[in-house]
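# Geometric and topological summary
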Amino acid sequence: MAESDPKHLKITLSNRESAARSKAKKALHESELEDKVETLETQIDILTAELKLEKVITILLRGRMTADDECVQFRIRLHAGEAHARLREDLIEQLNGEVRRLIEEASVQREEMSRLREEVSEYRRRESERMNANMLDQLNINQQFQEKPQQTNYNFE
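Let us look at the structure shown here. Counting starts from 1 at the beginning of each chain's written sequence and moves along it residue by residue. Only residues with pLDDT of at least 70 get local features here, since the model is predicted, and only at 80 or more are side-chain atom pairs given and counted; chain-wide, interface and lining totals rely on the full set of residues. Hydrogen atoms and water are omitted, and side-chain values are computed over all heavy atoms in the structure.

### So, the overall build of the chain
The line we're drawing: Going along the chain from the N terminus, every DSSP run of H or I of four or more residues is numbered as a helix, and every run of E of two or more is numbered as a strand. Exposure categories follow from relative accessible area, calculated using a 1.4 Å probe and restricted to protein chains: below 20% of the type maximum is buried, above 50% is exposed, and the middle band is partly exposed. By definition in these notes, contact holds between two residues if any of their heavy atoms fall within 4.5 Å. Residue-level accessible areas treat just the shown protein chains as cover; the underlying method is Shrake-Rupley with a 1.4 Å probe.
Helix and strand content of the chain: two helices and zero strands. Within the span of the chain, comprising 157 residues, buried residues form 9% of the whole. Taking all contacts inside the chain whose residues are at least 6 apart in sequence as the whole, residues at least 24 apart take part in 76%. Approximately 13,500 Å² of the chain is accessible, and the part contributed by carbon and sulfur atoms is 55%.

### Digging into the layout of surface pockets
Cut-off, in case you're wondering: Residues are said to line a cavity or pocket when one of their atoms sits within 4 Å of a point; the points come from a 1 Å grid over protein atoms alone, cavities being sets where a 1.4 Å probe fits but cannot get out and pockets being open sets with protein on both sides within 12 Å along at least five of seven lines. Grid points are joined across faces, edges and corners, and a volume is the space filled by probe spheres set on the points. Any residue that is not Ala, Val, Leu, Ile, Met, Phe, Trp, Tyr, Cys, Pro, Asp, Glu, Lys or Arg is counted as polar, Gly included; the first ten are nonpolar and the last four charged.
Estimated volume of the largest pocket: approximately 290 Å³. For the largest pocket, the lining is made up of 13 residues, of which Thr12, Arg16, Leu116, Glu119 and Val120 are closest to its centre. Where the lining of the largest pocket is concerned, the elements lending two or more residues are helix 1 (6-62) and helix 2 (67-147). The biggest single contributor to the lining of the largest pocket is helix 2, with seven residues. Residue classes in the lining of the largest pocket are distributed as six nonpolar, three polar and four charged.

### Focus: a negative patch on the surface
Applicable threshold: Two distance rules govern patches: like charges are joined within 9 Å, and nonpolar side chains (Val, Leu, Ile, Met, Phe, Trp, Tyr) within 5 Å, applied only to residues with over 30% relative accessible area and no salt bridge. Whenever a carboxyl oxygen of Asp or Glu lies within 4 Å of a side-chain nitrogen of Lys or Arg, that contact is scored as a salt bridge. Only four residue types enter the charge count: Lys and Arg as positive, Asp and Glu as negative, with His and the chain ends excluded. To locate a charge, take NZ of a lysine, CZ of an arginine, CG of an aspartate or CD of a glutamate.
Together, Glu32, Glu34, Asp35, Glu38, Glu41 and Asp45 line one region of the surface with negative charge. If you trace the backbone, Glu32 turns up in helix 1.

### A closer look at the pattern of salt bridges
Under the definition given, this model contains 11 salt bridges. A salt bridge links Arg101 to Glu105; the nearest nitrogen and oxygen atoms lie 2.7 Å apart. Of this pair, Arg101 and Glu105 both sit in helix 2, four residues apart, roughly one helical turn. By relative accessible area, Arg101 is classed as partly exposed at 31%. Classification of Glu105 by relative accessible area gives partly exposed; the value is 22%. Between Arg125 and Glu122 there is a salt bridge, with its nearest N and O atoms 2.2 Å apart. A residue pair is termed a helical-turn pair when its members lie 3 or 4 positions apart in one helix, as Arg125 and Glu122 do in helix 2 at three residues. Look at Arg125 and you get partly exposed, because its relative accessible area is 38%. Residue Glu122 is classed as partly exposed on the basis of its relative accessible area, which comes to 31%.

By themselves, these figures tell us nothing about what the structure is for.
Structure, rendered in structure tokens:
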């Protein structure tokens, strides 16, 4: 009987709307994260290209420098390369952390969806039972009505 309660139906609809909003918010968040990943991958590619260019420049400049200049330039390039490598490692670690978080979030979302499916299934089962009980009651009433002998007024005066 509680299934036909308007308050219960309103709560159910509200829950479904909330789930739809959550799903849309999740899709937007995933899209934003995918954009962020693409941006970070592009940055990694750019930094890698810059590092390769720096190596080429170092090789080309070797022939023009004195030994001390070459050593200074090498140290500068080495530090720049190390900084780029650290930046790249940091970016990779951030991406890995974000991937782990998204995997956990997806797992939680799957569990929530499973729970909601079970809830809907249980609601449908109860509705079906209630409708079957109502139909059985109606059938019993109809049978009782048909089995009742019709009363006739015979007046033998």
